[in-house]
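Coordinates in review
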Amino acid sequence: MSTESKEILVGESSQAKPEKKTIVLMASDGDEFVVDVDDITNQSEMIRNLISDMGGTDGLQVPLLNVTAPVLAKLLELFNVSNKNDDDEEVTQKVKELMEAELNMMIDVLGAANYIEATSFFDLSCKVLADKFKGMSVEEVREFLNIECDFTEEELQQIHAENAWAFD
Amino acid sequence: MEGRRRWEDMEVDCLAHIFRKLSLEDLTLSVPFVCKAWLRAAMDPLCWRSLNLRDLDFMPWSNFTRTFTAQYALRRFSFSGFLKLAVARSHGGAVELKFPLPFGASFRDLVYASHECPRLKTLALPNLLLADEPQIPELVGRWKELETLEMESKPSSFLEMVGQISINCGSFSGLRMWGSIKKEDVSAIVDCLPRIKHLSLSKSYLPNEQLVEIINGCRELETLRVNSCIGFEVDEEIVRRASGIKTFEHEGCKLFDESDCDMDECDPLYVHEEMAPSARSGASSSRGAASASRGGVPVRVSRDASFPSAARGGVRASRRGAGVWDVPHPPGPAGNINRAVPLNLCLPFPLPPPTKPSAPLPFGKTSGDHCRVIRHILGPRHVIVIIHQDKIRTKALFDSRTEALSDTC
């Protein structure tokens, strides 16, 4: 709800290296996030391309229309973990924790990562989510993830029929 | 529970990206039947870019085959059918295709894939019949974007294949195979694929001279794997020459194979050229083979041949894999050499039950330079095929329960 600007500096503090360049990411609800250019371009292909298209970072504000402030904050927090660690272990663990604790948030974070083309983070998150139900039967998946079957018996029959051609 | 219901509501695009991390087993057996949203996402060609059929068990009695047949209400399951299904879902966009080794895939499937999956970057070949090998070069040459090629044993048409790759596959960078690596093979690699980056020849017979030629000739190699090879020992000289290669793996390499009769570990079936019938029935197990050799039958395994112990080591590894091994004729006066031929364990097509035990099999004399042995194993039964000078010389059925060896052809 708050509209005041939030300072989330991804990576080192700005005081240590005052010359560090920053840009502003604007969440869909208007909140502003100041981020270090190197740290965000390290993750987001979209922003990297944007900066290169704009020919610089001076006063650059990037509105992220599909991403709410809490989701953006969470995403930047995870980027921070990722940027600080050379291996993926730590960030994988964080993604796992988030998925267990707040699946809703994780799904939104995943969508946001896809939107800003944070390819390697997105890829890693997809792997964590896939690991959650790999090797399970249909019933196990439904029960485990609490998904309701919305197929009718006829529709299921039709899926079978649609695939039979390959085995004729 | 509102939060947990969101799995269905995830964007199809995100779901598809998650699903592509799953195996083809999950993608066919569970995911599409969970709910409509998941079915839609599972049909996204993105999920079908990488077709790793090697991880699936296509044996008729396997859990996967049976579940698939039931799930799709099929009358009969076939590997070709499954391939067609997977390929159709990829909409021609598959970039990786790995055929299963032990069972199922045939040359026809490879031809089918060459038409339907033109964008492959990674291809792992199935085990093919010797008769089909001459066609491999032309087929492989059809994949213009091919970067990595994996195969079990070196095909007889290797030189032509390398030629086709060099003409057609501009981005080619990785090759994995094993076999008896001869001078001409190395020359072909160096001449036609000088810019190759990844080469794996583990478990091969690879003489020192050939190894050095590869290292000297392929200057852009980043990975060279020659683990468990016979024919060289890595010395300072080789290490110095290979210093430009980022990953140079050469574990367990030997100049000669020294452990000829110690077969307890690898459990191969050894068939001796001139083995007496009684000894041959004793060759049903590793212990049998070893005792056969101790029992006065002169078994000399591969000290001379370019048939490395590595290959024997490979028996265990390739037990579910398969293969055709080159067994070059050992040096020395022909007819005076007693040589045991290790048979690889390879999985099969359904076999008829064993017939009655028969007279000793006419294992051909290996007077030529080339004898190949294929062994298919099906439960306790094995089919043994010995190919000599490109002709099938002997087919036999071996039943390990009764230790009966019968001539089937």
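Residues numbered from 1 in each chain as written. Chains lettered and ligands numbered in written order. Predicted model: local features only at pLDDT ≥ 70, side-chain atom pairs only at ≥ 80, totals over all residues. Heavy atoms only, no water.

So, about the overall build of chain A. Within chain A, the regular secondary structure consists of 8 helices and 3 strands. Counting over 168 residues, chain A shows a buried share of 44%. Pairs at least 24 residues apart make up 63% of the contacts formed inside chain A by residues separated by at least 6 positions. Summing over all exposed atoms, chain A offers an accessible surface of approximately 9100 Å²; the carbon and sulfur share of this is 47%. (Helix = DSSP H or I, 4+ residues; strand = E, 2+ residues; numbered from the N terminus. Buried < 20%, exposed > 50% of the residue type's maximum accessible area, 1.4 Å probe, protein only. Contact = heavy atoms within 4.5 Å. Areas by Shrake-Rupley, 256 points an atom, 1.4 Å probe, with all protein chains shown as cover.)

Pairs of packed helices are described in terms of their axes, by the angle between the two and the distance that separates them. Residues and elements named next belong to chain A. Where helix α5 (residues 103-115) meets helix α6 (residues 119-133), the closest approach of the two axes is 9 Å, and the angle between their N-to-C directions is 145 degrees. Between α5 and α6 lies a crossing of left-handed hand. Mapping the contact onto sequence places Leu 103, Met 106, Val 109, Leu 110, Ala 113 and Asn 114 in α5 and Phe 121, Phe 122, Ser 125, Cys 126 and Leu 129 in α6. For the contact of α5 with α6, the class distribution of residues is 9 nonpolar, 2 polar and no charged. (Axes fitted to C-alpha atoms, helices over the stretch in contact; angles between N-to-C directions. Left-handed = near helix turned anticlockwise from the far one by under 90°. Nonpolar A, V, L, I, M, F, W, Y, C, P; charged D, E, K, R; others polar.)

Turning our eyes to something else, we now look at the interface of chain A and chain B. As a measure of interface size, the accessible area lost when the parts come together is often cited. On the chain B side, the residues contacting the 39 residues of chain A number 42 residues. Between chain A and chain B, a total of about 3600 Å² is buried, with carbon and sulfur atoms accounting for 66% of that surface. Where chain A meets chain B, there are 2 salt bridges. For Glu 155 of chain A, the salt bridge identified is with Lys 36 of chain B, shortest N-O distance 3.1 Å. At the junction of chain A with chain B, the criterion picks out 10 residue pairs in polar contact (both at pLDDT 80 or more). Breaking the side of chain A that touches chain B down by element, the ones donating at least two residues are α5, α6, α7 (138-145) and α8 (153-164) of chain A. The class makeup of the residues in the side of chain A that touches chain B is 22 nonpolar, 8 polar and 9 charged. (Buried area = accessible area lost by both parts, 1.4 Å probe. Salt bridge = Lys/Arg side-chain N within 4 Å of Asp/Glu carboxyl O. Polar contact = N/O pair within 3.5 Å; in protein donor to acceptor, adjacent residues only side chain to side chain.)

All names here are of chain B. Within strand β4 (residues 148-153), 5 of the 6 residues are buried, leaving the element largely enclosed by the surrounding structure. As paired elements, strand β3 (residues 122-124) and β4 share 3 bridges and run parallel to each other. Across the sheet, Leu 123 pairs through a bridge with Leu 149, a residue of β4. In terms of strand pairing, β4 meets strand β5 (residues 174-178) through 4 bridges, oriented parallel. Residue pairing across strands places Leu 149 opposite Leu 175, the latter belonging to β5. Chirality of the crossover, the property in question, places the unit of β4, helix α8 (residues 158-168) and β5 among those that are right-handed. (Pairing = 2+ DSSP bridges. Right-handed = clockwise from strand over helix to strand, strands pointing away.)

We now examine the domain arrangement of chain B. Residue and element names in this part refer to chain B. Segmenting chain B into domains produces domain 1 (49-170), domain 2 (173-255) and domain 3 (269-407). Just the C-alpha atoms count here: the centres of domain 1 and domain 2 sit 26 Å apart. Summed over both partners, the interface of domain 1 with domain 2 comes to about 1300 Å²; 59% of that surface belongs to carbon and sulfur atoms. For the pair domain 1 and domain 2, the number of links is 2 salt bridges. (Domains from an automatic or database assignment.)

Moving on: the UniProt feature "domain: SKP1 component POZ" (unreviewed entry) in chain A. The UniProt entry lists residues 21-77 of chain A under the feature "domain: SKP1 component POZ" (unreviewed entry), expressed in the numbering used here. The distance from the first to the last C-alpha atom of residues 21-77 of chain A is 19 Å, and the span holds 46% helix and 23% strand. (UniProt positions renumbered as here; feature names shortened; annotations may be inferred.)

Let us now look at empty space enclosed by the protein. All names here are of chain B. This structure, assessed with the given rule, holds 3 cavities of 30 Å³ or more. Of the volumes computed, that of the largest cavity is approximately 100 Å³. As for the largest cavity, its lining consists of 11 residues, of which Pro 126, Asn 127, Leu 128, Glu 133 and Ser 153 are closest to the centre. Sort the elements by how many residues they give to the lining of the largest cavity and β4 lands first, with 3 residues. (1 Å grid on protein atoms, 1.4 Å probe; cavity = no way out; pocket = protein on both sides within 12 Å on 5 of 7 lines; lining within 4 Å. Points joined across faces, edges and corners; volume = space filled by probe spheres on them.)

Here we come to the pairing of strand β1 (residues 22-26) of chain A. All names here are of chain A. Across 5 bridges, the pairing between β1 and strand β2 (residues 32-36) is antiparallel. Its bridge partner lying in β2, Met 26 is registered against Glu 32. Counting the residues that bridge the hairpin from β1 to β2 gives 5 residues, and of these Gly 30 lies at a positive phi of roughly 95 degrees. Two elements, β1 and strand β3 (residues 61-63), share 3 bridges in a ladder whose sense is parallel. Across the sheet, the residue bridging to Met 26 is Pro 63, located in β3.

Attention now goes to the UniProt feature "domain: SKP1 component dimerisation" (unreviewed entry) in chain A. The positions that UniProt labels "domain: SKP1 component dimerisation" (unreviewed entry) are, in the present scheme, residues 122-166 of chain A. For residues 122-166 of chain A, the helix share is 71%, the strand share is 0%, and the end-to-end C-alpha distance is 34 Å.

Time to look at the packing of aromatic side chains. The full count for this structure, using the stated rule, is 21 aromatic pairs over all chains. Considering the side-chain rings of Phe 167 of chain A and Phe 77 of chain B, the 5.6 Å spacing of their centres and the 35 degrees angle between planes classify their relative orientation as tilted. Taken together, the residues span two chains, with Phe 167 of chain A in the segment after α8 and Phe 77 of chain B in the loop between α4 (63-71) and α5 (79-90). (Phe/Tyr/Trp six-rings, centres within 6.5 Å; stacked < 30°, edge-to-face > 60°.)

Residues and elements named next belong to chain B. Taking strand neighbours across the sheet as the criterion, the 8 strands line up as β1-β2-β3-β4-β5-β6-β7-β8 in an open arrangement whose pairing is parallel. This sheet does not close on itself; its edge strands, each paired only once, are β1 (50-52) and β8 (247-249). Within the sheet, the average angular offset between the axes of one strand and its neighbour, ignoring direction, is 5 degrees.

We now examine the UniProt feature "domain: F-box" (unreviewed entry) in chain B. UniProt tags residues 13-54 of chain B as "domain: F-box" (unreviewed entry). For residues 13-54 of chain B, helix accounts for 48% and strand for 7%, while the C-alpha atoms at its two ends are 27 Å apart.

Residues and elements named next belong to chain B. If you walk through the whole model with that rule in mind, you get 18 salt bridges over all chains. Between Glu 249 and Arg 225 there is a salt bridge whose closest N-O contact spans 3.0 Å. Of this pair, Glu 249 sits in strand β8 while Arg 225 sits in strand β7 (residues 223-225); the two residues are 24 residues apart in sequence, bridging distant segments of the chain. We classify Glu 249 as partly exposed; its relative accessible area is 28%. Arg 225 gets classed as partly exposed once you look at its relative accessible area, which sits at 33%. The network of salt bridges with common partners includes Arg 119, Lys 121, Glu 145 and Glu 147.

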